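# Geometric and topological summary
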Amino acid sequence: MEKALQDFRHAIRSLFNAPAFTTAAVLTLALGIGANTAIFSVIEAVILRPLPYRDYSRLFLITDAQNVDNGGFLYKDFAAFREQSRSFEDLAIYFRDSGYSRSTLSVGNEPQQVQGAWVAASLFPMMGVGPEIGRVFTHEEEARRERVVLLSHRVWRQSFAGSRDVLGKSITINGSPFLVIGVMPEAFQFPARDQMFWAPLTTNPYLNDPALTTNIDPRHSAGFYQRWQVIGRLRNDASLRAAQLETDMVLQQLAVQDPDAFRVRALRLAPLKVTVSGNTRLALTMLFVAVGFVLLIACTNVANLVLARGTARAREMAIRAAVGASRSRLIRQLLGESLVLAVTGATFGTLLALGGVRLLHAFAPENIPRLEQARIDMPVLLFTLTLSLLVTVLCGLGPALHISRRDPQEALGFVTHNATSPARFGRARNLLVVAEFAIALVLLSGAGLLLRSLLAVESVDPGFEARHVLTLRMTVAGRSPAAIAALHEQVLKRLRSLPGVEYSGAVNELLEPGPPNLLGLRAIEGRSAEPKAQWTPLTWTTVSGDYFQAMGTTLLKGRYFSDQDTAGSPLVVIIDESMARRYWPNHDPVGSHIKGQDPRGHNDEWLTIIGVVRDMRRRGLENAPSPHVYEWSRQAGVGGTESFVVRTAGDPRVLAANLHAAVRAEDSSAILSGVNTIEDLLSDQLASRRFQTSLLALFSSFALLLAGLGIFGVMQYTVAQRRHEIAVRVALGARPVQVVRMVQTEGLRLALAGVSLGVIGALTLSPLISSLLFGVPAADPFTFISVVSTLVVVALVACYVPARRAAHVDPIEALRCE
């Protein structure tokens, strides 16, 4: 122990006596460790952190096996299932997390549309979660259908400023008053991240199931009404396999008892877990590997510094060996210095990581679950400590072994100069530089591929003119479809009259959230309709006003909708060019007649195509457009079009307040959301890709900088070691340009060796990120040529200063010193 303390004190004194070396090493390691700590905090929060529920591994979602993501129960079916299930110690039902659970929440005067959860009172004790303040509702309150509510931590902070006085206050949900009895913790985000409140399931208006055999709307399937989902806690003595077998048996028994009652024919037990998309998981893993590579380059640079310093300290090491220090003692002392450097670097790196996590919170896209919970906590600090020990080995062990091998008599001048010792040190440092350039190329090629993909996505033509377009969504509850449609017409007229507005229109869904359904036309005049087995994606969309003009899409053939197209006139539609290619590849579709699977499907009248417009990428710039049929709202028989679009003569943001006020003037109770420009919405679609590309580009820049510093240090050291040789060359007539070329050629040889290895590594690894690429092959020649050129230029620039220094060596002074 005493020897260890002595080694530690010696390490600190030694580092204090070399402030330039210590500062460079600590800052280099702080950069690498800080970046790793920040990204690991995100990985830990999003992927590795356990769910905040009691014994969460025994919690399972019970879902429709044929529709795992969104399959549900009828409430009465759940009651029958619960009576016969024995593998679960408890079961709880909640309203399906989907568009059906969107609710109108009013806190003060401005209503907003939010995601709500109607759950059984048994849910909270079963999951082992209690409120942050207040209490949860009871089984008695649920049975009495009392309107009590638990708020999310987010609503509590935003609407009530985090005041504990919120308990006992009243809020309005879907027009009914609810009493606030508690606030849930920030980490509780069940069943989805954007839940804003939890209320007793008996207060949900869809609690009473329809009789699916008689009382359902023919336009909807049974799945439309199966809006409840179930979560259960498996008994400690029950296995998942046994529970699945029992579930299958229960379904068979229920089907025999009442074939029409239980509509779900197969159930699947799915472990409760955080849902992270495949691309998000891949992107986070890629970033974590990238910062790991940055740390490797940082360790390589520090190892190079240690080797260079070890050469200068050869005499010191020889004296220590001469007075009795064993080789193991020397290695311990050198490792002690590396440990001090690593711990100091980790300390400063943790401070950098604190700022890095705040930046990640501010700039990361919202679709990464639990990202807001990323912080520098105990698991992250343990990771940083482990990293410090690893850095100690990476930075110190190799150089320590090299330094300790040198012959003490040679260092003290007692034996003839051994030319192999400096060469051995030089080879070690050269190999480290080669590794730096190889790693830097892998990172830069990945960043280059993502950057090219981002540019490719941004250059995609959306099919409409996004500039000068403002959008707003208006939702009205509790009115008939005819009343809503009339209100929307009034709003369009008012918007059209605003100064600076050129066109105003509306659509039922501005940007389509998911893939379209597989559909086909029921009938096509003059030919047979395609069979259902051949259906492909097809979307029916309802528009009103000057929608196409407001969006700035081009009319290719025919005409737009107009006031002459009334509810009593012949039914008309407009199609896009993808629809025209699908059904009329060699003919003009204008004037053709079709029958479709639209909301008017019960109406058997022919629809006349009056126009063809350009394809619009409303599912995102990265998704190819699918065929569309656009219906006129006055003929569609639906309750209006909720997403308004307005084309302005100038900056649309200036009119945002006027747009909001104009809609409010028509209806003060309407829910207004999504006041934004189309340009901003398209930009938001690229937020994840921009975030990934920016971070990888940042880390790759660090790698490039460190690689440049590494080769600079090696060449600077090489010039110092070869000063006598260079002086002889100059004395014999070598010109400065020849000396510069000699030094740069040596540095370039190292860089090219690293680049060659890096190209092989990058070509091997780049297919792994192919799902993140768009419009760019994984082996894109332009990217690799650009990256190789950049690294070669950096190597030449980094070698220039040492080469210039070598070219100006005074041969007389250098030879005199020798």
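Because the structure is a prediction, the values reported are computed rather than measured.

Procedures and definitions
Residues numbered from 1 in each chain as written. Predicted model: local features only at pLDDT ≥ 70, side-chain atom pairs only at ≥ 80, totals over all residues. Heavy atoms only, no water. 1 Å grid on protein atoms, 1.4 Å probe; cavity = no way out; pocket = protein on both sides within 12 Å on 5 of 7 lines; lining within 4 Å. Points joined across faces, edges and corners; volume = space filled by probe spheres on them. Helix = DSSP H or I, 4+ residues; strand = E, 2+ residues; numbered from the N terminus. Phe/Tyr/Trp six-rings, centres within 6.5 Å; stacked < 30°, edge-to-face > 60°. Buried < 20%, exposed > 50% of the residue type's maximum accessible area, 1.4 Å probe, protein only. Lys NZ or Arg CZ within 6 Å of the ring centre and 35° of its normal. Contact = heavy atoms within 4.5 Å. Polar contact = N/O pair within 3.5 Å; in protein donor to acceptor, adjacent residues only side chain to side chain.

This paragraph deals with the layout of surface pockets. The space that makes up the second largest pocket amounts to roughly 480 Å³. Lining the second largest pocket we find 21 residues, and of these Gly-356, Leu-359, Leu-360, Leu-695 and Leu-698 sit closest to its centre. Elements with a minimum of two residues in the lining of the second largest pocket: α2 (19-48), α10 (327-363), α19 (678-685) and α20 (687-721). When residues in the lining of the second largest pocket are grouped by element, the largest group, eight residues, is from α20.

This paragraph deals with unusual backbone geometry. Geometrically, the link from Phe-190 to Pro-191 is a cis peptide bond, its omega value of 5° lying close to zero. For Pro-191, the location among the structural elements is in the loop between β8 (176-183) and β9 (195-200). Positive phi values are uncommon outside glycine, yet Asp-55 reaches one of about 45°. Positionally, Asp-55 belongs in the loop between α2 and β1 (59-64).

Moving on, we come to the packing of aromatic side chains. The final tally for this structure, using the stated rule, is 18 aromatic pairs. Summarising the aromatic geometry, the rings of Tyr-547 and Phe-548 are spaced 5.3 Å apart at their centres and angled 65° between planes, so their arrangement reads as edge-to-face. Owing to a relative accessible area of 0%, Tyr-547 belongs among the buried residues under this scheme. Taken together, a centroid distance of 6.5 Å and an interplanar angle of 50° make the contact between Phe-699 and Phe-702 tilted. Of the two residues, Phe-699 and Phe-702 are both situated in helix α20; the distance of three residues between them amounts to about one turn of the helix. Residue classification places Phe-702 among the partly exposed residues on the basis of a relative accessible area of 22%. Through a chain of ring-to-ring contacts, three or more aromatic side chains come together here, namely Tyr-547, Phe-548, Tyr-560, Phe-561, Tyr-630 and Trp-632. Sitting over the ring of Trp-156, Arg-157 keeps its end group 4.9 Å from the ring centre. Looking at Lys-595, its charged tip hangs above the ring of Trp-606, at a distance of 4.7 Å from the centre.

Right, let's get into the environment of Leu-167. Mapped onto the fold, Leu-167 is located in the loop between α6 (153-160) and β7 (170-173). Distance from Leu-167 to Val-183, taken between C-alpha atoms, is 8.4 Å for residues 16 residues apart in sequence. Once you skip the residues sitting within four places of it in the chain, Leu-167 turns out to touch Ile-133, Gly-134, Val-180, Ile-181 and Gly-182.

The next thing to look at is the side chain of Thr-247. Within the fold, Thr-247 resides in helix α7 (residues 240-257). In this structure the side chain of Thr-247 is engaged in a polar contact, spanning 2.8 Å, whose partner is the backbone oxygen of Ala-243. For Thr-247, the residues in contact, after removing those within four places along its chain, are Phe-81, Leu-267 and Leu-269.

Mapped onto the elements of the fold, Gly-520 is located in the loop between β14 (518-519) and β15 (523-524). By relative accessible area, which is 0% here, Gly-520 ends up buried. Considered as a pair, Gly-520 and Ala-533 are 13 residues apart in the sequence and their alpha carbons are 9.7 Å apart.

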